[in-house]
Amino acid sequence: MKLYVIFILSILFCMSDARPKSTQKNVKATCGYESCHPTRRDILNVHIVPHTHDDVGWLKTIDQYYYGSRTLIQKAGVQYIIDSVIDELLKDPVRRFVYVESSFFEKWWLEQSVQRQDQVRELVSEGRLEFAGGAWSMNDEAAVHYHSVVDQLTWGLRLLNDTFGECGLPKSGWQIDPFGHSRELANLWAAAGFDGLLIGRIDYQDKSRRIKEQEAEMMWRGSDDLGTESDILTGAMYNTYSPPPGFCFDILCADDPIIDDVNSPDYNVDKMVDKFVSYVSNAAKGYKSNNLIITMGGDFTYQDALVWYKNLDKLIKYVNERQTNMTLLYSTPGCYIKALHDSNTEWPTKQDDFFPYASDPHAFWTGYFTSRPNSKFYERRGNNFLQVCKQLFAQTKAGDPDQSKLYPLRSAMGIMQHHDAITGTEKQHVTNDYHRILENGIQSCLSVANDALNDIMASPTKLNFTLCQLNMTQCDVSENSNAFVVTVYNPLCQPISNYIRLPVIGTDYVVMNAAGIPLPTQMVPLSQTLVSQLKNRESNATHEIIFKADQVPPLGFRSYYVLKNTSSDAFVSEFKKIEKDESSTKADMIAIENENIQVSVDSSTGLVSKITLKNLGNAEVPLTQDILYYNGMKGNNSIFANRASGAYIFRPDGDKPEVGETIRENMILKGPIVQELHQRINNWISQVVRVYSQDNHVEFEWLVGPIPIEDGIGKEVISRFSSNLNTDSTFYTDSNGRQLLKRILNKRPTWDLELEEPISGNYYPVTSMISIKDTTSNRELYVVNDRAQGGSSLKDGEVELMVHRRLLHDDAFGVEEALNETINGVGIVARGSHYLVIGNTDESEPPAVYSRQLALKKLLQTQTFLAPANGLSLTQWLENNNTFTGVLSNMPDNVHMLTLEPWKDKSLLLRLEHYLQKTDDPANLSKPVTVDLEEILPGLKIKSIKETTLGGNQWKDEAKRLQWKASKNMDESFNDIYHKTCPETKSEEVSKNKSTLRDHISNLSKNGKKFEITLSPMEIRTFVLDI
């Protein structure tokens, strides 16, 4: 069966019950490949693909783009585009169009009459209107985390599936505008069931080589761990996504129309045909098959689709009349992919990614990896809360058809993945609107969480839980309540312990657990450096109270009761200033430490100087860390050499970062829970180096801003770690929070790099971690980050991550604003953390495993809810259900529950993943793992379980992908062969149906256990559970 509509659309997408129903009669669907116009094997088939690229926010907000307002910024109105396209498609069944952004389409669809909806359903059922990609937005591929990509893909595909059934199923990915392309996302597109992927932007040197050698279309392997299951046919289009020069038939363009009146003095058919044929003939030389895609559209084109189609009709007619070696046909991305398949071509292969992207020798698009760091952090926390919200709903309201309160945050997070949102490459007023949308979504979900927590606790007094701005160290509840409740929810599927820090006034506080027993606490004074830098704080807090939320149950919570003005046994820490002694030697050091690790500080510099690994026989690792900045390049962008550093582009002025004026004031505080080194580097940079009891990592909490610009120079701030590891110019960065890819300084895997920007040209996206490995030992160093950033290793033993940027010049790629974020005229302050992990690969818990687990804990942190007691006494509170264990128990350590959310009717959507790679812990946790859902979901009565593709829109056993031929076998591990010569081997047939993994569906009943499933390393499996 197919996953057709089960719910009424109005329920699913939050419209009223009075929504009109379709009156369309059943017609046989001829969508998909059956609807494609025929091609010929003996001549060149030129696939004319009409499309519009509608950014979900960029120069204008989403609503401004949809309604067409603020025309002085940009003449763009999405509602008019869709209206106009539908009108023109209805006039001629030969015409085709592709649409992509489900968020815009949903907004338009819900405004239409029943008759108009039926017209669109007919167009879709006949393949005349095709959806490509289908996600809520066309997501970025560098700064996004795979968790959020999977969510927004699912939400967009669900809209299409519920609206159009099987015919709404996209056949291809359509990532035409993101600024570089990720290997992990290629894996996700394959897992979603796409037969192919079409991309627009790849490095100019790489593209030139690929066109020359006919390798612009290739078999791309998304994951070495998953092998052929992750392969996807990928094509880099000749002209990105624009029409050929001179053929933009849009009211926004200045190109001439085709004038076919022979009596007109402006008659130009011959000229236009010759020009088009010449362009196509030249472009076709770069591609292997007898098919070539020509995109006819651009940013917000087709507001008057008649102009386009009238001219495209003529172009197709006159070229086909006059040419014998080519034929033009209306087509779609899906039909083009099918034509490539039918050509029976053997395709070249690719196993790395398309980062970094450069459009000219001085324009490396590596600045956006970090641009708008607060937005990137806000998005990460939004995903964190969305998972909490969906889990609580699933556990307390499973089967409730009203999911309307989940919708705003689901939609907001889909919008935030857009390639001009999470990237920070939009205008400032658009950023503000993104934040508004995200905050509205969070507040809507907070009401869901409030209801769920109160239902579970069964408190006689309803508690009004809120979320505090702990990244600002401010919280009205903890600062101004004499008694309050702290509920710590764990969204992970294993028990987790976490340290809770809350701003308070004074030091007389007691924290009680569910048994009424006071917990050990530590009071830490707020540093005046923090208070002075965070100028927008609205807080009178003097201290932070710290306690350990121990073994919080999986998908469950522990609640605590906090009393003020009570005799307390809290350990009150005090700052001790480290006096700078110029005559001291490096042996004269001060340290902070715990049971596992010691961080030594050079008293003469105030810098970290070495890490001692107590659990490895007190092994010492010389290491320093500092915060520096590059001066941003000025420029008027008139020529490549004058390119300025901007929102997209990172281009430093000089090859070494600056130290700048420094103050170097350092203080230290110690206690039984945490020890901290507070570093004031100057008036706008400070840092806390921190080790919590029992942790195996060191936290570096940086606070940067307002970045000074009085000298007229923009600055790009980095945190740099320098060790004695011998790394042979090699480092590793994660791909969207999953697999680690090998990077080699000043090199690319597939072409000989000519590099004029040695710093920015070696920067890569770091979504969750960056690592280096010693080539002479088994030692590894990882730095885990809390948001997407750019990073590199520019010298052996070094790792640097860019944390903040403030620039005074635009880089001339369309935004027309400098990246100069301010609040009330003052530059913004960014605050975040890096987590340093050092260890040996032969440990019982290798650093690769520890770092992945740590990254997961930081991605899905325990959610701290606070509520004033409101007269609820400690005695009354103790009668509540203050400890709750979720639906899970006994989940293996290498399994992560990626998704648990309400789906349709009385069903849930469940995703499980094996989050380790084969190489992380080959002897133990990197092996396949089997789980029984009846054992780990004891709280749910499962009636049936059926597996779907990644997006939840196709049954797994019915999803059949096209089979392809590769010109050579792919290597077992890209990381192992990079920098080596690989022999050519015979071709192989590539197909999901030829998977090296076990059959998914039959494994559900293996050994007679109805709900037992197996996961291989890096595998994600998606299920619909009927309960």
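The structure reproduced in this document is the subject of the present report. Throughout this document, residue positions are counted from 1 along each chain, in the order its sequence is written. Under the rules for a predicted model, residues below a pLDDT of 70 receive no local features and side-chain atom pairs below 80 are neither given nor counted, while totals for whole chains, interfaces and linings still include all residues. Hydrogens are left out, water is left out, and the side-chain values use all remaining heavy atoms of the structure.

## Points about the overall build of the protein chain
Moving on, step 1. Only DSSP runs of H or I reaching four residues or more are called helices, and only runs of E reaching two or more are called strands; each is numbered from the N terminus. Secondary structure summary: the protein chain contains 20 helices and 50 strands in total.
Moving on, step 2. The globule rule used here is 2.2 Å times the number of residues to the 0.38 power, and the radius of gyration it is set against is calculated over C-alpha atoms. The globule rule puts the C-alpha radius of gyration for 1027 residues at 31 Å, and the 29 Å found for the protein chain is close to it.
Moving on, step 3. Considered along the principal axes of its C-alpha atoms, the protein chain spans approximately 95 × 65 × 60 Å.
Moving on, step 4. Burial classification: accessible surface area is computed with a 1.4 Å probe over protein chains only, and a residue below 20% of its type maximum counts as buried, one above 50% as exposed, and the rest as partly exposed. A burial count over the protein chain gives 66% of its 1027 residues as buried.
Moving on, step 5. Here the contacts in the protein chain between residues at least 6 apart in sequence split such that 76% fall between residues at least 24 apart.
Moving on, step 6. Taken as a whole, the protein chain presents about 35,800 Å² of accessible surface, with 47% of it coming from carbon and sulfur.
Moving on, step 7. Each charge sign in the protein chain was given a centre, from 106 positive and 132 negative side chains, and these centres are 2 Å apart. In what follows, a contact means two residues having at least one pair of non-hydrogen atoms within 4.5 Å. Reported accessibility uses the Shrake-Rupley method at a 1.4 Å probe radius. Residues are deemed covered only where the shown protein chains occlude them. In this count, Lys and Arg are taken as positive residues and Asp and Glu as negative ones, while His and the chain termini are left out. Every charge is mapped to an atom, namely NZ of Lys, CZ of Arg, CG of Asp or CD of Glu.

## Focus on the sheet that holds strand β50 (residues 1020–1026)
By definition, the strands of a sheet pair up through backbone hydrogen bonds, in either a parallel or an antiparallel sense.
Moving on, step 1. Pairing between two strands requires that DSSP report at least two bridges joining them. Read across the open sheet, the four strands follow the order β43-β44-β50-β46; overall the sheet is antiparallel. On the outer flanks of this sheet lie β43 (895–902) and β46 (944–948), each paired with one strand and no other. Going from strand to strand, the sheet's axes swing by 25° on average, the running direction of each strand aside.
Moving on, step 2. By the bridge criterion, seven bridges tie strand β44 (residues 907–914) to β50 in an arrangement that is antiparallel. Counterpart to Arg911 in the pairing with β50 is Thr1022. Axis lines are fitted to C-alpha atoms, over the contacting stretch for helices. Their N-to-C directions set the angle, which ranges from 0 to 180 degrees.

## Observations concerning the state of the cysteines
Moving on, step 1. In what follows, a disulfide is any cysteine sulfur pair within 2.5 Å. By the definition in use, this model includes five disulfides.
Moving on, step 2. With a sulfur-sulfur separation of 1.9 Å, Cys468 is cross-linked through a disulfide to Cys475.
Moving on, step 3. Cysteine Cys493 shares no disulfide, and the gap to the nearest cysteine sulfur, in Cys389, comes to 19 Å.

## With respect to the pattern of salt bridges
Moving on, step 1. A carboxyl oxygen of Asp or Glu within 4 Å of a side-chain nitrogen of Lys or Arg is what we treat as a salt bridge. A complete count under the given rule lists 54 salt bridges for this structure.
Moving on, step 2. Measuring nitrogen to oxygen at the nearest pair gives 2.8 Å for the salt bridge that ties Asp626 to Arg664. Of this pair, Asp626 sits in strand β25 (residues 619–631) while Arg664 sits in the loop between β25 and β26 (665–669), and the two are 38 residues apart along the sequence. Like Arg664, Asp626 is buried.
Moving on, step 3. When the shortest N-O distance is used, the salt bridge between Arg720 and Glu798 registers 3.7 Å. Of this pair, Arg720 sits in strand β30 (residues 715–723) while Glu798 sits in strand β37 (residues 798–806); the two residues are 78 residues apart in sequence, bridging distant segments of the chain.
Moving on, step 4. Taking relative accessible area as the criterion, Arg720 reaches 14% and is therefore assigned buried.
Moving on, step 5. Relative accessible area serves as the criterion here: at 12%, Glu798 is assigned to the buried category.
Moving on, step 6. Three or more residues joined by partner-sharing salt bridges are found here, namely Arg501, Glu544, Glu676, Arg690, Glu699, Glu701 and Arg831.

## Quick look at the pairing of strand β41 (residues 863–868)
It is a general feature of regular strands that their side chains alternate between the two faces of the sheet.
Moving on, step 1. Extensive coverage of β41 is indicated by the burial of five of its six residues.
Moving on, step 2. By the bridge criterion, six bridges tie strand β14 (residues 483–490) to β41 in an arrangement that is antiparallel. For Val486, the partnering residue across the bridge sits in β41 and is Leu866.

## Structural notes on unusual backbone geometry
Moving on, step 1. Following Phe355, the chain continues into Pro356 via a peptide bond in cis, with omega recorded as -10°.
Moving on, step 2. Here Pro356 is to be found in the loop between β11 (349–350) and β12 (358–360).
Moving on, step 3. Pro706 follows Gly705 through a cis peptide bond whose omega is -10°.
Moving on, step 4. Tracing the sequence through the fold places Pro706 in the loop between β29 (698–704) and β30.
Moving on, step 5. At Gln694, a residue that is not glycine, the phi angle is positive and equals roughly 75°.
Moving on, step 6. Considering the arrangement of structural elements, one finds Gln694 in the loop between β28 (685–692) and β29.

## Here's the deal with the packing of aromatic side chains
Moving on, step 1. Stacked, edge-to-face and tilted are the three classes for Phe, Tyr and Trp ring pairs, Trp counted by its six-membered ring, which pair at centre distances within 6.5 Å; planes under 30 degrees apart are stacked, over 60 edge-to-face, the rest tilted. Evaluation of the coordinates by the stated rule reveals 45 aromatic pairs.
Moving on, step 2. Between Phe105 and Trp108, the ring centres sit 5.8 Å apart and the planes meet at 40°, which makes this aromatic pair tilted. A residue pair is termed a helical-turn pair when its members lie 3 or 4 positions apart in one helix, as Phe105 and Trp108 do in helix α4 (residues 102–109) at three residues. One exposure class covers both Phe105 and Trp108, and it is buried.

## Remarks on the sheet that holds β28
Moving on, step 1. Sheet architecture is open: 10 strands sit in the order β21-β26-β27-β28-β29-β40-β35-β34-β31-β32, paired in antiparallel fashion. The strands lining the two open edges of the sheet, one partner per strand, are β21 (576–577) and β32 (740–744).
Moving on, step 2. In terms of strand pairing, strand β34 (residues 769–773) meets strand β35 (residues 779–785) through five bridges, oriented antiparallel. The residue of β35 that forms the bridge with Met769 is Val784.

## Some remarks on the packing of helix α6 (residues 146–164) against helix α12 (residues 373–396)
Moving on, step 1. Look at α6 against α12: their axes get within 10 Å of each other, and the N-to-C directions meet at 60°. Taken as axis vectors, α6 and α12 run oblique relative to one another. The chirality of how α6 crosses α12 is left-handed. Along the contact surface, α6 presents His147, Ser148 and Asp151, while α12 presents Glu379, Asn383, Leu386, Gln387 and Lys390.
Moving on, step 2. Here the contact of α6 with α12 is built from residues that sort into one nonpolar, four polar and three charged. Roughly parallel here means an angle under 35 degrees, roughly antiparallel means over 145, roughly perpendicular means 65 to 115, and every remaining angle is called oblique. For any helix crossing, the convention is left-handed if the near helix is rotated counterclockwise from the far helix by under a right angle, and right-handed if that rotation is clockwise. Each residue receives one of three labels: charged for Asp, Glu, Lys and Arg, nonpolar for Ala, Val, Leu, Ile, Met, Phe, Trp, Tyr, Cys and Pro, and polar for the others, Gly being one of them.

## Points about the layout of surface pockets
Moving on, step 1. There is about 980 Å³ of room inside the second largest pocket.
Moving on, step 2. Breaking the lining of the second largest pocket down by element, the ones donating at least two residues are β31 (730–734), β32, β35, α17 (847–859) and α20 (974–977).
Moving on, step 3. It is β32 that contributes the most residues to the lining of the second largest pocket, four residues altogether.
Moving on, step 4. Across the lining of the second largest pocket, the residue classes tally to 12 nonpolar, 17 polar and 21 charged. Buriedness for pockets is judged along seven lines, at least five of which must meet protein on both sides within 12 Å for an open set on the 1 Å grid over protein atoms alone, while cavities are sets there where a 1.4 Å probe fits but cannot get out, and lining residues have an atom within 4 Å of a point. Grid points are joined across faces, edges and corners, and a volume is the space filled by probe spheres set on the points.

## Considerations on the side chain of Glu757
Moving on, step 1. With respect to the element layout, Glu757 can be found in the loop between β32 and β33 (764–766).
Moving on, step 2. Classification of Glu757 as buried rests on a relative accessible area of 7%.
Moving on, step 3. By the criterion applied in these results, polar contacts are pairs of N or O atoms within 3.5 Å in which, for protein atoms, one can donate a hydrogen and the other can accept it, and in which residues neighboring in sequence qualify only through two side-chain atoms. A distance of 2.8 Å separates polar atoms of two side chains, one belonging to Glu757 and the other to Arg651.
Moving on, step 4. Among residues more than four places away in sequence, those in contact with Glu757 are Pro361, His362, Phe364 and Arg651.

## Thoughts on helix α9 (residues 269–284)
Moving on, step 1. For α9, with 16 residues, the first-to-last C-alpha span of 22 Å sits near the 22 Å given by 1.5 Å per residue.
Moving on, step 2. Burial in α9 covers these residues: Val269, Met272, Val273, Phe276, Val277, Tyr279, Val280, Ala283 and Ala284. Buried residues along α9 cover an arc of 165° about the axis, so they all sit on one side. Of the residues in α9, the exposed ones pointing more than 90 degrees away from the buried face are Lys271 and Asp274.
Moving on, step 3. Those residues of α9 that are buried lie in contact with β1 (44–50), β8 (291–296), α10 (305–322) and β9 (326–330). For a helix, the expected span equals 1.5 Å multiplied by the number of residues minus one. This arc is taken over the directions from the axis of the helix to the C-beta atoms.

## A word on the packing of α4 against helix α5 (residues 114–125)
Each pair of packed helices can be described by the angle between their axes along with the distance between the axes.
Moving on, step 1. Remark: α4 packs on α5, axes separated minimally by 11 Å, with the N-to-C direction vectors making an angle of 140°. Comparing the axis directions of α4 and α5 gives the class oblique. The residues of α5 that touch α4, namely those facing Phe105, Trp108 and Trp109, are Arg116, Gln117, Val120 and Arg121.
Moving on, step 2. Looking at the contact of α4 with α5, its residues break down into four nonpolar, one polar and two charged.

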